[in-house]
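Close look at the chain arrangement
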Amino acid sequence: MSAPQHPWWKSATVYQIYPASFLDANGDGTGDLAGITAKLDYLKDLGVDVIWLSPIYRSPLADMGYDISDYEDIDPRYGTLEDWDCLLEGVHTRGMKLMMDLVVNHTSDEHSWFTASKASENDPKRDWYIWRPGKVVDGRELPPNNWKSVFQGSAWERDPVSGEYYLHLYLSKQPDLNWDNPVVRSSVWDVMRFWIRRGCDGFRMDVINIISKTEGLPDAPVVDPTQYYQHASMYFANGPRVHQYIKEMHNEVLSHHDLITVGETPFTHDSSELAAYVLPQNRELNMVFHFELMDIDSPPESPLLNKPWTLTELKAIVGRWQRFMRDEGFWNAIFIENHDHSRSVSRFGSDSVRWRAISAKMLAIFEITQSGTLYVYQGQELGLKNFPRTWGIEEYQDVASQNYWNLIKGQRQKAQGKEDVDMSDLLDSFAQKARDHARTPMQWNACAHGGFTAGTPWMRVNDDYPEWNADLQIGDENSVHAFWKRALKVRKAHDALIYGDFMMLLEAHEQVFAYTRNYESAAALVLLNFKDGEVDVDLEEVSGGVAGYAFVLGNYENDGGGLEGKVTLRGYEGRVYARGALLN
């Protein structure tokens, strides 16, 4: 196989910051840009190449900034455009890059575009959004179709003035833009150019695969007969003109700059659908976030519920994507945490006292040994875990959690004919799966509120901050933080880990994930124990045998030495061995 091209973003480590919860510099209880600027040395020291900021634009915060009222201004909670310029200068001075979150499937209903669109059916911006008349069924007016919002209820909101409905696939305060209108697309290109001119180095594109809806907006099939509103992603995800519009974005904006681009592509597991966004000859995006791995423990009803998963399922998903269309140039985005998912050590490892640090380090090895651009979410480098089951529903701030809770509670109250219904099973699921777990403030030190703020934090800090925080870990060579630093250096030093092929071993093993990575004359062997019991591993499947492999990384202190045909892995143990010339 010929050597792949190596643009800078392929070997980059991207660190996602959820600004409200990172660091509060002014004591108002919400993280801000000045707080991020104050921690740039921490991020550079960790090994970060690119900082990705979740939305910081002006917003009513109905969905934590994913409802934008002004694309070309910073929300006052986070600071000013001058603060952003200061942050960018600090990032660039340290040799890092800054990536913005582009949220252009929808705006806030408080954006001037929408207020104009709503003001009159004759307003020039009326067609900037998706308006339709309702339909009358049995003498009763209903929304234009039966589409269900991602956040529950109808995906349509009626405007009492005009009597028409506007589409909102998310909250009613997040009306969908009409991408079929070329003036809308041109305005989005202008937003992108604004930030590029200011110095932005790339974009993560929120739900970019849902910008084109099926012609006629047909009713969704009835899958859940207990509800009128139905899941309708088959009519809005990967729609008829989505690739036309992203190609246009590439031609008009992206192709003129050396940027990192990653599209979020929910509701999609089909590999051919996802490939179309990424393959270089298509001239669209560098990579996408797809969610097949992150959906492994979610039943169809809701990602907030939990279902068992097996290691063989996880291996099949990872193996398929690691091998997928390599020769054609498909490129992966590697992540197991972000602001929309609970903490990885609580989901895929063990957050118990005994195993938390060990399993968090094993999961770090799992990430840094996969081919693709690497994404680390704030606090992942510390092994932050989900907050306790003892927290009540009042601590769950996320609109997705609150809306689903209210939906299920209402259904049970109606079914049981009483107000006081048992919701403990749902709280059990939330304790494992809610997005809120990723949004608790960063735990910097053992001071009040984990050193996140001198004020009252917008969200409660996890209870374990006195004994689990960055200050304690930075001075401890055996900490999760110190391990992530070493792991990121190992990844950067071994091209095989970034660009190599992927050969799975022990495919049917329900406890061990083992694979080799080969690139030119170099090879790496990865062994991961996903359970807390010891396990013997026979390495006879390793192509070319194990001679010459040297130990380069492991999550137990007393590792080292060569490799023999059989090894015993301790609970949640991970090891990386390398062979051949491996310097960048």
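Remember, predicted model here, so these are calculated numbers, not experimental data. (Residues numbered from 1 in each chain as written. Predicted model: local features only at pLDDT ≥ 70, side-chain atom pairs only at ≥ 80, totals over all residues. Heavy atoms only, no water.)

**A look at the sheet that holds strand β9 (residues 156-158)**
As a general point, the strands of a sheet are linked pairwise by backbone hydrogen bonds and lie either parallel or antiparallel. What the three strands build is an open sheet, ordered β6-β10-β9; its pairing is antiparallel. This sheet does not close on itself; its edge strands, each paired only once, are β6 (131-133) and β9. Across the sheet, the mean angle from the axis of one strand to that of its neighbour is 35°, orientation sign disregarded. Of the pairings in the sheet, the one linking β9 to strand β10 (residues 164-167) comprises three bridges and is antiparallel in character. (Pairing = 2+ DSSP bridges. Helix = DSSP H or I, 4+ residues; strand = E, 2+ residues; numbered from the N terminus. Axes fitted to C-alpha atoms, helices over the stretch in contact; angles between N-to-C directions.)

**Some details on the pattern of salt bridges**
The full count for this structure, using the stated rule, is 38 salt bridges. A salt bridge links R158 to E141; the nearest nitrogen and oxygen atoms lie 3.1 Å apart. With R158 in strand β9 and E141 in strand β8 (residues 140-142), this pair connects stretches of sequence that are 17 residues apart. With a shortest N-O distance of 2.7 Å, K247 and E284 are connected by a salt bridge. (Salt bridge = Lys/Arg side-chain N within 4 Å of Asp/Glu carboxyl O.)

**Looking at the sheet that holds strand β22 (residues 574-579)**
The antiparallel open sheet is built from five strands, whose spatial order is β16-β17-β18-β22-β20. Because the sheet does not close on itself, it has two edges, and the strands there are β16 (503-505) and β20 (550-554). This sheet shows a mean twist of 20° between the axes of neighbouring strands, independent of strand direction. In terms of strand pairing, strand β17 (residues 512-519) meets strand β18 (residues 522-529) through eight bridges, oriented antiparallel. Considered in β18, the bridge of V512 is made with N529. The sheet strands contacting helix α8 (residues 311-323) are β16 and β17, and the helix crosses β17 at an angle near 10°. The sheet strands contacting helix α10 (residues 356-368) are β17, β18, β20 and β22, and the helix crosses β18 at an angle near 145°. (Contact = heavy atoms within 4.5 Å.)

**As for empty space enclosed by the protein**
To find leftover empty space, one rolls a probe the size of a water molecule over the atoms. Tallied over the entire structure, the rule returns three cavities of 30 Å³ or more. Considering only enclosed or pocket space, the largest cavity measures out at about 180 Å³ in volume. Considering the residues around the largest cavity, the lining is formed by 16 residues, among which H290, L293, A333, I334 and Q370 are closest to the centre. Mapped by element, the contributors of at least two residues to the lining of the largest cavity are α8 and β14 (333-334). If you tally residues by element for the lining of the largest cavity, the top one is α8, at four residues. (1 Å grid on protein atoms, 1.4 Å probe; cavity = no way out; pocket = protein on both sides within 12 Å on 5 of 7 lines; lining within 4 Å. Points joined across faces, edges and corners; volume = space filled by probe spheres on them.)

**Brief notes about the side chain of H341**
Mapping H341 onto the fold places it in the loop between β14 and α9 (344-347). Among the residues examined, H341 registers a relative accessible area of 12% and is labelled buried. A distance of 3.4 Å separates a polar atom in the side chain of H341 from a polar atom in the side chain of R347. With residues near it in sequence (within four places) discarded, H341 still touches F291, M294, R347 and A438. (Buried < 20%, exposed > 50% of the residue type's maximum accessible area, 1.4 Å probe, protein only. Polar contact = N/O pair within 3.5 Å; in protein donor to acceptor, adjacent residues only side chain to side chain.)

**Notes on the packing of aromatic side chains**
Aromatic ring pairs are reported here in terms of the distance separating the ring centres and the angle at which the planes meet. Scanning the model with the defined rule gives 41 aromatic pairs in all. A ring pair is formed by F291 and F335, whose centres lie 5.8 Å apart and whose planes are at 80°; its orientation type is edge-to-face. Note that F291 is positioned in the loop between β13 (287-289) and α8 and F335 in the loop between β14 and α9, a separation of 44 residues in sequence. Using a relative accessible area of 9% as the deciding quantity, one classes F335 as buried. Taken together, Y57, Y71, W84, W113, W128, F194 and W195 form an aromatic cluster joined through their ring pairs. A cation over a ring is seen here: K125 above W128, with NZ or CZ 4.7 Å from the ring centre. Across the ring face of Y556, the terminal group of R570 is positioned such that the distance to the ring centre comes to 4.3 Å. (Phe/Tyr/Trp six-rings, centres within 6.5 Å; stacked < 30°, edge-to-face > 60°. Lys NZ or Arg CZ within 6 Å of the ring centre and 35° of its normal.)

**Regarding unusual backbone geometry**
With a phi close to 60°, L61 is a non-glycine residue in the positive phi region. One non-glycine residue, Y572, adopts positive backbone phi at about 55°. Considering the arrangement of structural elements, one finds Y572 in the loop between β21 (566-569) and β22.

**Things to note about the nonpolar core**
Soluble globular proteins tend to bury their nonpolar side chains together. Membership of the largest hydrophobic core comes to 120 residues, with the highest contact counts inside it found for L53, W84, W195 and F366. Setting aside anything within four residues of it in sequence, one finds W84 in contact with L33, L53, I56, I74, L98, M100, W195, R198, G199 and C200. (Core = buried A, V, L, I, M, F, W, Y, C linked by side-chain atoms within 4.5 Å.)

**Concerning the domain arrangement of the protein chain**
Assigned domains within the protein chain: domain 1 (13-107 + 182-484), domain 2 (112-167) and domain 3 (500-579). Here the C-alpha centre of domain 2 lies 29 Å away from the C-alpha centre of domain 1. Listed by partner, the interface residues are 27 residues for domain 1 and 21 residues for domain 2. Between domain 1 and domain 2, roughly 2100 Å² of surface is buried when both sides are summed, and carbon and sulfur atoms account for 65% of that area. If you look at where domain 1 meets domain 2, you find nine residue pairs in polar contact (both at pLDDT 80 or more). Considered class by class, the residues forming the side of domain 1 that touches domain 2 number 16 nonpolar, seven polar and four charged. (Domains from an automatic or database assignment. Buried area = accessible area lost by both parts, 1.4 Å probe. Nonpolar A, V, L, I, M, F, W, Y, C, P; charged D, E, K, R; others polar.)

**Considering the state of the cysteines**
Inspection of every chain in the model, using the stated rule, returns zero disulfides. You can see C200 has no disulfide; the closest cysteine sulfur is in C86, sitting 17 Å from it. Assessed through its relative accessible area of 4%, C200 is described here as buried. (Disulfide = S-S within 2.5 Å.)

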